[in-house]
Amino acid sequence: MVGSPVLLIAIPLLAAFLIPLLGMIWKELVRIIPGLVLAYMMVLSASLLYYVLENGPIIEILAGWRPPLGINLVFSPLTGFLTTIMTFLGFIVWLFSYRFKRNVEFEPAKKYFIFLMMLIAGAVGIVLTGDIFNQFVFIEIVGISAYALTAFYTGRNAAEASFKYLLMGSLSASALLIAIAIIYSQLGTLNMADIANNIHLMDPNFKVIALILFIVGIGIEAEIFPLNGWAPDAYTEAPGPIGAAFAGIVVKAGVYAMVRMVFTLFDVSGATEFLLIIGLVTLIIAETTALRQEKLKRMLAYSSIGQMGLVFVAFGIGTVEGIFAALFLMLNHAIIKPLLFFSGSYLVFNSKDKKIKEMNGLGKYMPMTAAFFALGSFAIVGLPPFAGFWSKLSILTAAANEGMLLIIALILMVSVVEIVYYFRVVNRIYFFKFDKASTVIPHKPRINAVFAMAVLGILILLIGFYPDAVTGVLHKASDDLMNTQQYIKNVLSLGQTLTN
Amino acid sequence: MEMIYLIFIIFLGGAGATYLLGKINDILRDIIFLATLLVPSVLFLTQVSIGETVNFTMAGFSFQWGITYFSTIFAYIVLGVGVFAGIYAVKAMKGKKNLNFFFANYLLSIMAMMGILFSRDLVSFFIFWEIMTWTSYLMVVFNGKDVQKVGIKYFIFSAIGAYAMLMAIVTTYSLTGSMMIDSLVAAYPGFDFSMQLLIPILLLIGFGVKSAMMPLHVWAPGAYSHAPMAYTSVFSGALSKMGIYGMVIVMVSLVSHVPEGHWFREIIAWMGGITAVMGTLWAIKQDDAKKLLAYSSVAQLGYIIVGVGIGTPLAMMSGLFLAVMHGLFKGTLFMAVGAIERQTGTTNFTEVTGLIRKMPWTFLASLFAIIALAGIPPLGGFIGKWMLYESLIGSEHYMLVIVIFFSSTAAFLYCYKFLFGFFLGQEEKEWSHVKEAPAMMVVPMLVLAVSTFVLGVFPGLILKPIDAGMQMLGYTSTQGHFWELSVIFNDWGNQVAMQPIVYTIIGIFVFFLAFLTIKGYKETRYVTTKDISSSGEVPKEHENLTFAVNFMQPFFRAVEPLMRRQIDKYYNGFANGLEALFDFTRKIYTGNGQTYALYAIIFAVLLLLFKNNLFG
Amino acid sequence: MESIGYNIMGGIITVIVAFVVGLTYMGLSRKITARIQNRKGPPFYQNFIDIFKLASKTSAINHGFMQHIGPAFMMITSIMSVLIVPVLTGEQWFSNLNFHGDLIFLLYIMVFGPLGMALGAGQTGNPNSAIGVTRGLSQMVGFEIPWVMALVALMMQYHTTSIVDLIKVQQEQGVWLMFSSPFAFIAAVMAMLGMFRYSPFDIVGAPTELASGPVSENGGKYLFTLMSSNSIFAFAKLTLYVDLFLGGAGNIGELLLKTFAIYLIPMLYGTVSPRYRTEQSIKYFWGWPLFFGFLAILQASFF
């Protein structure tokens, strides 16, 4: 082991604060330090995950106060798995945006990397923490970084998108605070395991109200319908790699929080069915809306929302196979969506409006980027032998085992819609005549961007041809989520602890 | 290393190698391409034995690959058409762009089809099915024409079909706990009625799309005409048969074991019949050779579906025999059209004509293929048609006999149109420069064409594997009862003995040909087509006497009521309606931040109001 | 070896008989038509004179190899038809290929000829022949339907597709199929009008409208082949009708009588009919003849 879980949060935060200072020494450090930090986090997370898969979860106590009084971090197969994905993606995002705004000014680059670090730190924190108020704090950290990053390109649209995000975020914060207050007043504790242990003692009315407020609050972050209005704007106006980060990191944290609430903390019946329905609605509305989009990044944003809806459907099935499918979907989405955002941002690089119509014929001028985009499209739609197929198959078999035929039919119909809008774009890239008179000059990606995209592409092919590489971890993670009692036991009896 | 794995690895590696090597050297790429086609075919024919399987597990599912007697028939079609079309393609595609991609994709497509035939479990079946779909999609959009309309339409239909199949597959998995095809077959009679109805319908939607059964055929004319002709030989000749393969398995192994299955088969047979008629009528109307052949394929597949749907031993044999023959003669015809396109630049009957003296070998191959298509003895198509009619009469489907016969007779019209439009008729000056296609293109055509003749005289050659396949499916052997090496029988014992007939035909033909030509062929001189009898005046060189536009006008005036409705228009209307609906849902995202906040609050309020109904 | 020799001899004799009888009938039809039109008309052996004159002529020009193959295809059709159709029942000399093919085979081989002819006519490039061919093919689609319905009715009723068997059935029953399957007979006769291409269905070779349709450009030996093929084919068709509906014939005299009786039907009908356009003829065939065909099938399935 090269460290303990708390470092996964502490170090990026520290780095974020140090970057401006170090930047005054040497400008390049602003770009290098995040890379080092993220690489370290990735390695740490992976090795901890490996350890945890063998030996059981790590519960880490912070500041010496033991649970249920103090705050603890839980690094279990589930949380560790998500953390590893997030740190890996963070590293890829850094790799892609290494030269971001390189030749422009120094100020924005500094801000970019600071907030990127904070974003990742916050997201990891949401996942790792075992205390609901601590989670709220991290949600706020993520929120602030996200608002800043959305408004990165100073301009009217970006500011408006950021403002909408801020507005919704504040609503989310309010709802969460009320919910936390209710729970604390009823149960007297903020520790997740303790809440889970005592939830049956809570007054049913208050319980349900708290759950609803949690759903609304976290749902805004997890982009469920109808709370996701901010998302398309934010994804579109944020810089390309940030869109990837949102899709791959932030929303996963939100989903995790939601799922933790429903599965572990609350024992309200009908909650999983609710997730199923709301996920289905999100999926259908998002995918059909994506069909009508004219801007590339907006289309990808809706597609992302739709995929998250599908993840919720999978969680909502309620069985361990459903959770397996959901986690698999999250993994695949975390790899494929960033690839689409990365290649997409280069494909519309010099365009002001970033419309799909301007992408005609770019396949000839940017063969690699176009190929990556096409690979991503094929994969996300679920065509074998690429990665997305296996996750789709898992969710369908999980649903079939529960006899949910109508759900299967709806999912498949929506898949057809997905195919249409992705393939329309791919066709445009390759088969339409390049408009020489247009102002969109193809901008070839730099070597680091290509490398980042290639890594993701190779992963897609790898998982596609050999899914067993990841299924072992996924099985352990899904078992972990289902097993609430184990979670409580691990934390409250201090399982394997590391005193700090 | 198991032979089966080796075959697939060679295909996959060969595809990658073709793509990469093509960037270095063209000749190298062609060699690797042909090698990748030929080596696995040879391996398959010699080394792989029927019944041997390989197993492995992945992602929690167990996979099993192996060849059965029944899939062998289709493997012959795939490899036969694939290899010859591949040889043809090497020459036909010279000079076009993106060739590395074409050849690599071609190999992947063939691999996918073989994969489907090898799959003994449903997951690999689906995987290979999807790979086949997207590789053929890439071929359809290869030329870059009409990609949004034709290409996406093809993909949508294929996707709907494939997803219907996927739904059936996962439902089966949940009901039986296993993904093996054999376990589905075994468990099927035990399902409850709604499942017994649902699963075959879903599977048939999937297979019906690929075999262009009405009303799922609308993608076919566009897709077949837009793909490069070298690939369309495979597309129409082999790929559509994958749908037939699935259909037969559903029909015979599943539906037949249930008493209500009888109605199912009737409906399918009738849909095949309607497909045959409407396909033929629309084929006659076309002026573009590619579209004509595409609609003709749809119609021919209709015959096969009728045979397969009826299900009696004779009918099934006729369906499968027609499937093999269709692969042969349609492959030849598409190759011929490709050759003409290459030499003249167009495939429209109203533009090019009179090629018989300029491309005699192409004409000869087309002549054989057309005669086989029309079902005229002594070529192979007759055998299939004969068995089909006999089986229809024998199983008392008299109305279907009339329908099929009507379609068959009307087929003569487009057969003649094809031959006359391209090869016969006036020789115009603008086409006097046209030369015969290169040997590498002509030889595969001739090989396939001659094989239709061989199979016509000795149908037993292919009926034997078909019989073995049918036995595997549960039929009793038909050898000696319905056929010998070159005799075919029907249910009542009437027969057609091909050998004496063929010898007689050849005898008559040679005699009269000699009679007509011997004296004086050398002494007569050839005159151009302008030198004709036309009420006393000789047409001038520049006068255009080609008869091509509105070629079958009187026929259309007569059948006009049948052709008034087009299914395509209904689909387009439906799609437009959906887009309008989606536009409406898009407006939920108003772009106004306050609206979103309002949504959130309303959502919270609604949940709180209905909390007792939703939770607890 | 011996029997093959006998078979070939028998075949050749059958063909010669068909040739002679066919030409005679066509000559007789010219005579009778002329008499109805109140003129003397050519002698009944005129066709023989014509045909031998044609055979002795040589052609100075040709239009390519397909023009040679076309008439050869036509001859294949006619001769195969004559060989498959049982000419005389129970005669060893005339059994030919009777047992090697059946009705459906016959149906298809009957189509081959016109198709081959069409191909041959096509290479000449004469647009008139092409127009004639399209008309001919379209019309064929028209009359084939009631024709097939009638045949299917017969096949259904007696569970056989072999013509020899149908003759046997008539002999056993003692009743001609003309009377026991009347609707099939009516439908078949109406279809026959189209097959023989006399008025009102002679638009294919309409002499006063199109310069002879498909046979334009063919002179000398080609026309000889076509004419003889036509006469042999006519004989084959007539014999087919006799076998199917009139109980076959035991000797030549009976055969001649019956075939001529059948032949009178299209010939006489033609003398009093104007010409139909192609679409009119198709629509005609899909009217009453189709109706009778349906009745025939109904009768066969219920009785």
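Keep in mind that this is a model prediction, so the values were computed, not measured.

Draft legend 1. View of the pattern of salt bridges. All names here are of chain B. For the coordinates displayed, the defined rule picks out 20 salt bridges over all chains. In this structure, R29 engages D26 in a salt bridge whose closest nitrogen and oxygen atoms are separated by 3.3 Å. In this pair, R29 and D26 both sit in helix 2 (residues 26-47), three residues apart, roughly one turn of the helix. A residue is classified by how much of its surface remains accessible, and R29, at 4% relative accessible area, is buried. Accessibility expressed as a relative area gives 43% for D26, which makes it partly exposed. For K290, the salt bridge identified is with E341, shortest N-O distance 2.8 Å.

Draft legend 2. Layout of the side chain of A:S145. Within the fold, A:S145 resides in helix 5 (residues 132-150). Polar side-chain contacts of A:S145 include one of 2.7 Å to the backbone oxygen of A:I141.

Draft legend 3. Highlighting the arrangement of the chains. There are two pairs of chains in contact here, and the one with the most contacts is chains B and C. Left apart from each other, chain A and chain C have a closest C-alpha approach of 41 Å.

Draft legend 4. Molecular detail of the packing of aromatic side chains. Per the counting criterion, the structure on display carries 93 aromatic pairs over all chains. Ring centres of B:F33 and B:Y106 lie 5.4 Å apart, and the angle between their planes is 70°; this geometry places the pair in the edge-to-face category. Within this pair, whereas B:F33 is found in helix 2, its partner B:Y106 is found in helix 4 (residues 99-118), the two being separated by 73 residues in sequence. Like B:Y106, B:F33 is buried. Considering the side-chain rings of C:Y276 and C:Y284, the 5.9 Å spacing of their centres and the 45° angle between planes classify their relative orientation as tilted. Assessed through its relative accessible area of 27%, C:Y276 is described here as partly exposed. Taken together, B:F33, B:F101, B:F102, B:F103, B:Y106, B:F142, B:Y154, B:W219, B:Y224, B:Y231, B:F235 and B:F334 form an aromatic cluster joined through their ring pairs. Here the basic side chain of C:K237 rests over the ring of C:F196, its NZ or CZ set 5.1 Å away from the ring centre.

Draft legend 5. Region of interest: unusual backbone geometry. Look at the link from A:F225 to A:P226: it is a cis peptide, with omega at 0°. Structurally, A:P226 is set in the loop between helix 8 (204-222) and helix 9 (230-237). The step from B:M214 to B:P215 runs through a cis peptide bond, and the omega angle for that step is 0°. Mapped onto the secondary structure, B:P215 falls in the loop between helix 8 (193-210) and helix 9 (219-226). At A:E223, a residue that is not glycine, the phi angle is positive and equals roughly 65°. Structurally, the position occupied by A:E223 is in the loop between helix 8 and helix 9. Phi at C:N38 takes a positive value of approximately 65°, unusual for a residue other than glycine. Tracing the chain through its elements places C:N38 in the loop between helix 1 (2-36) and helix 2 (46-56). Exposure remark for C:N38: the relative accessible area of 73% places this residue in the exposed category.

Draft legend 6. Focus on the interface of chain B and chain A. On the side of chain A, 67 residues touch chain B, which itself brings 58 residues to the contact. Surface buried jointly by chain B and chain A totals about 5500 Å² across both partners, of which 79% is contributed by carbon and sulfur atoms. By the criterion of area lost to chain A, the three top residues of chain B are B:Y163, B:Y589 and B:F615, representing 14% of everything that side buries. Between chain B and chain A we count three salt bridges in total. Going through the elements one at a time, strand 1 (53-58), strand 2 (61-66), helix 5 (122-140), helix 6 (147-176), helix 8, helix 21 (567-586), helix 22 (593-609) and helix 23 (611-614) of chain B are the ones with two or more residues in the side of chain B that touches chain A. If you tally residues by element for the side of chain B that touches chain A, the top one is helix 6 of chain B, at 14 residues. In terms of residue class, the side of chain B that touches chain A is made up of 42 nonpolar, 11 polar and five charged.

Draft legend 7. Representation of the pairing of strand 1 (residues 58-61) of chain A in the model. Residue and element names in this part refer to chain A. The alternating pattern of strand 1 places I58 and E60 and I59 and I61 on opposite faces, both of which are buried. Across four bridges, the pairing between strand 1 and strand 2 (residues 72-75) is antiparallel. Each bridged residue has a counterpart across the sheet, and for I61 the counterpart in strand 2 is N72.

Draft legend 8. Quick look at the domain arrangement of chain B. When the domains of chain B are assigned, the result is domain 1 (259-497) and domain 2 (566-615). A straight line from the C-alpha centre of domain 1 of chain B to that of domain 2 of chain B covers 51 Å.

Draft legend 9. Broad picture of the interface of chain C and chain B. Contacts between the two partners involve 73 residues from chain C and, on the opposite side, 70 residues from chain B. Counting the surface lost from both chain C and chain B, the interface buries some 6500 Å², and carbon and sulfur atoms represent 77% of this. The interface formed by chain C and chain B holds three residue pairs in polar contact (both at pLDDT 80 or more) in total. Of all the secondary-structure elements, those providing two or more residues to the side of chain C that touches chain B are strand 1 (61-62), helix 3 (65-84), helix 4 (103-124), helix 5 (127-158), helix 9 (220-245), helix 11 (278-285) and helix 12 (288-302) of chain C. Of the residues that constitute the side of chain C that touches chain B, the class distribution is 44 nonpolar, 22 polar and seven charged. When strand 5 (residues 525-526) of chain B meets strand 1 of chain C, the two strands line up parallel, connected through two bridges.

Draft legend 10. Main features of the packing of helix 17 (residues 439-457) of chain B against helix 19 (residues 498-517) of chain B. Residues and elements named next belong to chain B. Two elements in contact, helix 17 and helix 19, have axes whose closest approach is 9 Å; the angle formed by their N-to-C orientations is 130°. Between helix 17 and helix 19, the angle falls in the class oblique. For the pair helix 17 and helix 19, contact is made by F453, G456 and V457 and by M498, Q499, V502 and I506, respectively. Class assignment of the residues belonging to the contact of helix 17 with helix 19 gives a composition of five nonpolar, two polar and no charged.

Draft legend 11. Representation of helix 9 of chain C in the model. All names here are of chain C. Compared with the 38 Å implied by 1.5 Å per residue over 26 residues, the 38 Å span of helix 9 between its first and last C-alpha is a close match. The buried count for helix 9 comes to 24 of 26 residues, which makes it a mostly enclosed element. Two residues or fewer after helix 9 comes G247, characterised by a positive phi angle close to 80°.

Draft legend 12. Fine view of helix 9 of chain B. Residue and element names in this part refer to chain B. Within helix 9, eight of the eight residues are buried, which leaves it mostly tucked inside the rest of the structure. Those residues of helix 9 lying buried are W219, A220, P221, G222, A223, Y224, S225 and H226. Structurally, helix 9 contributes buried residues whose contacts are with helix 5, helix 6, helix 8, helix 10 (229-254) and helix 12 (289-310).

Rules of the game
- In this numbering scheme, every chain counts its residues from 1 along its sequence in written order.
- Going through the entries in the order they are written, you letter the chains from A and number the ligands from 1.
- Where totals are concerned, whole chains, interfaces and linings use all residues; where local detail is concerned, this predicted model gives features only for residues with pLDDT of at least 70, and gives and counts side-chain atom pairs only at 80 or more.
- Calculation of side-chain values draws on the structure's entire complement of heavy atoms; hydrogens and water are dropped beforehand.
- Think of a salt bridge as a Lys or Arg side-chain nitrogen and an Asp or Glu carboxyl oxygen that are within 4 Å of each other.
- Comment: elements are numbered from the N terminus, with helices defined as DSSP H or I runs of at least four residues and strands as E runs of at least two.
- Using a 1.4 Å probe on the protein chains alone, a residue whose accessible area is under 20% of its type maximum counts as buried, one over 50% counts as exposed, and one in between counts as partly exposed.
- In protein, a polar contact means a hydrogen-donor-capable atom and an acceptor-capable atom, both N or O and within 3.5 Å, with residues adjacent in sequence counting only if both atoms are side-chain atoms; elsewhere, any N or O pair within 3.5 Å suffices.
- Contact criterion: two residues are considered in contact whenever any of their non-hydrogen atoms come within 4.5 Å of each other.
- Between rings of Phe, Tyr and Trp, where Trp is taken as its six-membered ring, a pair exists when centres lie within 6.5 Å; planes separated by under 30 degrees are stacked, by over 60 edge-to-face, and by other angles tilted.
- Look at NZ for Lys and CZ for Arg. If either is within 6 Å of the ring centre and within 35 degrees of the ring normal, a charge sits over the ring.
- What counts as buried area is the accessible surface, traced by a 1.4 Å probe, that two parts surrender upon association, with contributions from both included.
- Each residue gets one label: Ala, Val, Leu, Ile, Met, Phe, Trp, Tyr, Cys and Pro are nonpolar, Asp, Glu, Lys and Arg are charged, and the others, such as Gly, are polar.
- When DSSP finds at least two bridges between two strands, those strands are taken to pair.
- Just so you know, the domain bounds were taken from an automatic or database domain assignment.
- In this analysis an axis means a line fitted to C-alpha atoms, helices contributing only their contacting stretch, and an angle means the value between N-to-C directions, from 0 to 180 degrees.
- Note on angle classes: values under 35 degrees are labelled roughly parallel, values over 145 roughly antiparallel, values of 65 to 115 roughly perpendicular, and the remainder oblique.
- In this scheme, a helix's expected span is set at 1.5 Å multiplied by one less than its residue total.

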